[in-house]
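# Close look at the chain arrangement
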Amino acid sequence: MDQQEANILTVEGLNVSYGNFQAVQNVSFSVRRGEIFGLLGPNGAGKTSTLSAVEGLLKPESGSINVDGYNAAEKPLYARASLGVQLQSTSFQPELFVIEVLQLYGGIYGLSLTKNDVLAILRDINLEDQAFKKFGQLSGGQQQRVSLVIATIHNPKLVLLDEPTTGLDPQSRRQLWERIEAIREKGHAVLLTTHSMEEAESVCDRIAIIDHGRVIAIDTPQAMIDKHREDKEVIAVSRRGKITLEDVFIALTGKAVRA
Amino acid sequence: METVIPKTSTVLAALLKADLTTQWRNRRAVILTLIVPVIILMSWKGLVAAAGGPFVLSNSITIGLIATGLMSYSNAIARDRDKGIFQRLRVAPVAPWTIILSRLIVQMMMILAITTLVFIVGNNYDKITLTPAGYAFSYLTAIIGGAVYLSLGQMIVGRITSPETVSSTTRLVYFVFIMVGMFGELNVLGKSVHDLEHWSPYGTVKTIVAVSMEPGKWNSDTSTSLLLTIGYALVFATLGIKWFKWNTK
């Protein structure tokens, strides 16, 4: 398998602008088949813009995005069919029951799901008894589970998760991490954005730190810590003597609070 | 494993089922949309003898079409866009036009429901009957007329992003159309307003719907109204599509 085949996603020289503001500048990275890849960055760093370009929601100014061999600009439907997506704030038609939302998205991906099929899917995530509730009536953790199951309903090769654990309590967060790892065990790759260094260290095989629209580092979490543990800036921001990924992150992106 | 793109018909069927379910769960709003033309039809019973059945029926249908295009369609689109429902659909392998087509099919079904209801009430309460050809042509012109207001709704939701502002704008336009349309039609507001109303989107739609109820009375004035109706729909739809953004952020 050559490098191109080993990667489920290849982003090269990506540029995204909003008017005069360049949100993403010459971003390049790749996600390998079966790996969990994290995009880390402060608020406004360009994580969601990068992800939106991969999802096809934003048209990049330049650069290329290749999903499972399909150029996203030339074959957008094929690229999107290879993706499963959980957006940062997921919203489904508020009038529909959870079972109907799953049937809708199953249909959109060409699956014909009977009521029993959907109930079995919901049983897997311990939400069978919520099938006839509306999405808005579920708790935050339950909503995340439904969103994740919808993102993977068509067995996609790459799952994109935009800040999946934001707002979840520790129990729900741990459970979601296990579900993300279960996705990987089924052979899928995962690209997620996160603010949580703990999440990146615990779940991600590799991470990219992005700031001011540029990728400033790509490596495994441990390799990134090892590479920077002697840096003066990292030692200066370290709080307990032990160098963590968060120390490296703060040293690389600065201490200033972002809007 | 080769990637398979779902058939457009499968995607459209899934979207349509969800949109029809949504419409059904919003049946209070649907009933309100249906009730206004019926109230006008019943309150104008006294005009049937003087102005004729087609005059009363066509005004009632036109008001129903305005309510569907301006109030139901545009407000639903504005809400779903604001909530990110479209963004979620667009990350799936769905051609964007299928999302809107599904919504339009539901509204077209509403137009047929309004037209049918007006005919039933007109027949039972006002004793207005048409020939089979009159009924058939009226459904056709109601669809064409409905396209004007759906495209006008699309234009409003294309230009304005906030759902609250879309709601207030469509209410205002609805009110203006009803007031100027009905009172202009009855010559209450003077000849210039009457002439203006006659060639307005309200007047042209009302004209083609009214004349289609008596196809034998079709003349050059009606043909001009039909051309203008199609022109309005094309202009509003072009601008509505050009201005429309899937995301308000």
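Residues numbered from 1 in each chain as written. Chains lettered and ligands numbered in written order. Predicted model: local features only at pLDDT ≥ 70, side-chain atom pairs only at ≥ 80, totals over all residues.

### Side note on the overall build of chain B
To keep it simple, the criterion reads: Secondary structure counts use DSSP, requiring at least four H or I residues in a row for a helix and at least two E residues in a row for a strand, with both numbered from the N terminus. For this measure, only C-alpha atoms enter the radius of gyration; the expected value for a globule follows 2.2 Å times N^0.38, where N is the number of residues. Buried, partly exposed and exposed are defined by the number of other C-beta atoms within 10 Å of a residue's own C-beta, namely 20 or more, between the two limits, and 12 or fewer respectively, with C-beta atoms placed from the backbone. We call two residues in contact when their backbone-placed C-beta atoms lie within 7 Å.
From N to C terminus, chain B includes eleven helices and zero strands. Reading the secondary structure of chain B in the N-to-C direction produces α-α-α-α-α-α-α-α-α-α-α. A globule of 249 residues ought to have a C-alpha radius of gyration of about 18 Å, and chain B, at 19 Å, matches this closely. Counting across all 249 residues of chain B, residues that qualify as buried make up 43%. The long-range share in chain B, meaning contacts at least 24 apart out of those at least 6 apart in sequence, stands at 81%.

### Looking at the sheet that holds strand E2 (residues 21–32) of chain A
Residue and element names in this part refer to chain A. Note the following rule: Pairing between two strands is assigned when DSSP locates at least 2 bridges connecting them. Angular values range over 0 to 180 degrees, each being the angle between N-to-C directions of two axes fitted as lines to C-alpha atoms, with helices fitted over their stretch in contact.
The four strands are arranged E2-E1-E4-E5 in an open sheet whose pairing can be described as antiparallel. Only two strands of the sheet have a single partner each, and these edge strands are E2 and strand E5 (70–71). Direction of pairing for strand E1 (residues 7–18) relative to E2: antiparallel, over a ladder of eight bridges. Within the sheet, the bridge partner assigned to Val16 lies in E2 and is Val24. The strands that helix H2 (residues 47–55) touches are E1, E2 and strand E4 (62–67); relative to E1, the one it contacts most, it runs at about 115°.

### Focus on the confidence of the model for chain B
Our working definition: Each residue carries a pLDDT value, the predictor's own confidence for that position, ranging from 0 to 100.
Per-residue pLDDT for chain B has a mean of 92; in total, 100% of the residues score no lower than 70. Scoring of the predicted complex yields 0.88 for pTM and 0.87 for ipTM.

### Digging into the interface of chain A and chain B
Worth spelling out the cut-off: Nonpolar residues are Ala, Val, Leu, Ile, Met, Phe, Trp, Tyr, Cys and Pro. Charged residues are Asp, Glu, Lys and Arg, and all others, Gly as well, are polar.
Residue-level contacts link 25 residues of chain A with 24 residues of chain B. Those elements giving two or more residues to the side of chain A that touches chain B turn out to be helix H3 (76–81) and helix H4 (98–108) of chain A. Sorting elements by how many residues they give to the side of chain A that touches chain B places H4 of chain A first, with five residues. Class assignment of the residues belonging to the side of chain A that touches chain B gives a composition of twelve nonpolar, eight polar and five charged.

### As for helix H8 (residues 163–185) of chain B
All names here are of chain B. Rules: The span you would expect from a helix comes to 1.5 Å times its residue count less one.
Over its 23 residues, H8 runs 32 Å from end to end, which matches the ideal 33 Å to within 8%, given 1.5 Å per residue. Along H8, the positions that sit buried rather than exposed are Pro163, Val166, Thr170, Phe177, Gly181, Gly184 and Glu185. Looking at the packing, one finds that the buried side of H8 touches helix H4 (53–83), helix H7 (132–159), helix H9 (191–198) and helix H10 (201–213). Looking one or two places after H8, you find Asn187, whose phi comes out positive at around 65°.

### Examining the pairing of E1 of chain A
All names here are of chain A. Between the end of E1 and the start of E2, which pair antiparallel, lie two residues, with Gly19 showing a positive phi angle near 60°. Pairing of E1 with E4, which is carried by five bridges, proceeds in the antiparallel orientation. Looking at the pairing, Asn15 lines up with Ser62 of E4.

### What to know about the sheet that holds strand E10 (residues 214–219) of chain A
Residues and elements named next belong to chain A. Strand order in the open sheet made by the six strands is E6-E7-E8-E3-E9-E10, with mixed pairing throughout. Strands at the two margins of the open sheet, each flanked by one partner only, are strand E6 (83–86) and E10. Geometrically, the sheet is characterised by an average inter-axis angle of 15° between neighbouring strands, direction not taken into account. Bridging between strand E3 (residues 36–40) and strand E8 (residues 189–194) involves five bridges; their strand directions are parallel. Counted as the bridge partner of Gly38 is Leu192 from E8. Lying on the sheet, H2 is in contact with E3, E6, strand E7 (158–162), E8 and strand E9 (206–211); it crosses E7 at an angle near 145°. Strands in contact with helix H6 (residues 140–151) are E6 and E7; relative to E6, the strand with the most contacts, it is inclined by about 165°.

### Notes on unusual backbone geometry
All names here are of chain A. One non-glycine residue, Asn26, lies in positive phi territory at about 50°. Looking at the element boundaries, Asn26 is found in strand E2. Exposure remark for Asn26: the 14 C-beta atoms within 10 Å place this residue in the partly exposed category. Positive phi values are uncommon outside glycine, yet Asp68 reaches one of about 50°. Mapping Asp68 onto the fold places it in the loop between E4 and E5. Of the residues examined, Asp68 has 22 C-beta atoms within 10 Å and is grouped as buried.

### Thoughts on the packing of H4 of chain B against H10 of chain B
Residue and element names in this part refer to chain B. The test is simple: Each angle receives one of four descriptions, namely roughly parallel if under 35 degrees, roughly antiparallel if over 145, roughly perpendicular if within 65 to 115, and oblique otherwise. In this scheme the handedness of a crossing depends on how the near helix is turned from the far one: anticlockwise by less than a right angle means left-handed, clockwise means right-handed.
Running from N to C, H4 and H10 cross one another at 135°; their axes reach a closest spacing of 8 Å. Comparing their axes, H10 and H4 come out oblique. Crossing handedness for the pair H4 and H10: right-handed. Side by side, H4 and H10 meet where Pro54, Phe55, Leu57, Ser58, Asn59, Ile61, Thr62 and Leu65 of the first sit next to Tyr202, Val205, Lys206, Val209, Ala210 and Met213 of the second. The residue makeup of the contact of H4 with H10, split by class, is ten nonpolar, three polar and one charged.

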